[in-house]
Every structure is written in C-alpha cells, then in structure tokens.
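Spelled out from the first residue to the last, the chains are:
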Amino acid sequence: MAGSLLLEPPATDDTVVTRLEGGGRPLSVTWNDGCVRLHAGAPDGQVLEEACDLAAPDEGATTTLLDPGDDTQTLAGIAPPLTARATVPAASTLSGAVTTSIEGAELFAMPVREPPFELTLRDVTGDVVATVDVPG
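Residues numbered from 1 in each chain as written. Predicted model: local features only at pLDDT ≥ 70, side-chain atom pairs only at ≥ 80, totals over all residues. Heavy atoms only, no water.

1. Description of the pairing of strand β3 (residues 35–40)
Our working rule: Each residue gets one of three labels from its accessible area relative to the maximum for its type: buried under 20%, exposed over 50%, partly exposed in between, using a 1.4 Å probe on protein chains only. The secondary structure listing takes helices from DSSP runs of H or I that are at least 4 residues long and strands from runs of E that are at least 2 residues long, numbered from the N terminus. Whether two strands pair depends on DSSP finding at least two bridges between them.
Where burial is concerned, most of β3 is hidden: 5 out of the 6 residues are buried. Sheet analysis places strand β2 (residues 27–32) next to β3, joined by 6 bridges and oriented antiparallel. Paired with S28 across the strands is H39, a residue of β3. In sequence, β2 turns back onto β3 through a hairpin of 2 residues, with D33 there showing a positive phi of about 55°. Joining the antiparallel neighbours β3 and strand β4 (residues 47–51) is a turn of 6 residues, in which G41 adopts a positive phi near 75°.

What follows is the structure, encoded as structure tokens:
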C-alpha cells in the first residue's frame, strides 16, 4: 500500500526548474513544451540557450548541456519519477540539484564545470536511482 500519492498536473506554462542568484551570474532554467531554456537572471529574462525534444527516459536520465558561450555551462535533464536529487562529483560543479516534479518525470538543472563526469540520481532516502555518464 502506498504511503503517499503525488499527482502533478501537466505543465501548461513555464515551469521553473532552478533559479540561482548571487555568487556570480544569476540564471534561471525553465521547462515548457519539451524544451529547457537557460535565462539570464529571472525566469522571464533573456533566453541564452535552449534544448528541445527532450523526453522522459525509461531509465537513467536524459541530459543536455546548455552553453551560452561565456565559459559557463548548465546541465539540465529529465530523471525518472521519485528522483529527489541529482549530483555530480565536487570537482565538476559548485552544487547539486533538487528535482522539480512534472507529470511522469523529474526535472533538474545545475551549473557545471567541463564534462566528462558521472551524474548520480538519488531518491529521498539517498538511495541511488541511476548513474549516467555525461560525455565531454
């Protein structure tokens, strides 16, 4: 028997996946209609980079590197349901990412340094859901 049930309505407007302020250049990543968009500053700021046609994976994660061309990159992706956190090795990022639920999947985005590296997806108990190689 389930201890809880999470129902997520379909996303109809931009869903904010992550928003970072301070400590450098502010940025936001949004999701809408199968596209992730990297914005300068707030979620309604200028779109610096986008990737479309991302689909929820059967296992692992679907990832993309958003690179606005100024020596910064953001790893964004779609993880299986019940994934709560996405992390990469400390040498590859300044932080991990908490996921944002959408219907049938979880979204994540975080600034990263130069790949290659391994992405680890964990559930709320800290157990590994999947690991994914992110190529350079």
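Additional details are given in the paragraphs that follow.
2. Brief notes about the state of the cysteines
Cut-off, in case you're wondering: Pairs of cysteine sulfur atoms within 2.5 Å are identified as disulfides in what follows.
Within the structure shown, the criterion is met by 1 disulfide. A sulfur-sulfur separation of 2.0 Å characterises the disulfide bridge that pairs C35 with C52. Judged by the sign of its S-S torsion, about 115°, the bond between C35 and C52 is right-handed. With C35 in strand β3 and C52 in the loop between β4 and β5 (62–66), the pair connects residues that are 17 residues apart, well separated along the chain. By relative accessible area, which is 8% here, C35 ends up buried. The partly exposed category is assigned to C52, whose relative accessible area is 34%.

3. With respect to the sheet that holds β4
For sheets, the rule is that strands pair by backbone hydrogen bonds, running either parallel or antiparallel. Here is the rule we go by: Only the stretch in contact is used when a helix axis is fitted, and all axes are lines through C-alpha atoms; the angle between N-to-C directions ranges over 0 to 180 degrees.
In spatial order, the strands read β1-β2-β3-β4; together these 4 strands make up an open sheet with antiparallel pairing. Lying at the two open borders of the sheet, with one neighbouring strand each, are β1 (15–20) and β4. Sheet twist, expressed as the mean angle between neighbouring strand axes with direction ignored, is 15°.

4. A short note on the environment of T125
Under the convention used in this document: As used in this structure description, the phrase polar contact means that two N or O atoms lie within 3.5 Å; if the pair is within protein, one of them must be able to donate a hydrogen and the other to accept it, and residues adjacent in sequence are counted only when both atoms belong to side chains.
Secondary-structure assignment places T125 in the loop between β11 (117–122) and β12 (128–134). The sequence separation of T125 and T83 amounts to 42 residues, and the corresponding C-alpha distance is 10.0 Å. A polar side-chain atom of T125 sits 2.7 Å from a polar atom in the side chain of D123. Here D127 takes part through its side chain, which lies 3.2 Å from a polar atom of the side chain of T125.

5. Here we look at the pattern of salt bridges
Just so we agree on the cut-off: Counted as salt bridges are all cases of a side-chain nitrogen of Lys or Arg within 4 Å of a carboxyl oxygen of Asp or Glu.
One pass over the full model with this rule turns up 2 salt bridges. Residue E21 is joined to R19 by a salt bridge in which the shortest nitrogen-to-oxygen separation is 3.0 Å. Using a relative accessible area of 57% as the deciding quantity, one classes E21 as exposed. Between E50 and R37 there is a salt bridge, and its shortest N-O distance comes to 2.8 Å. Taken as a pair, E50 in strand β4 and R37 in strand β3 lie far apart in primary sequence, 13 residues in all.

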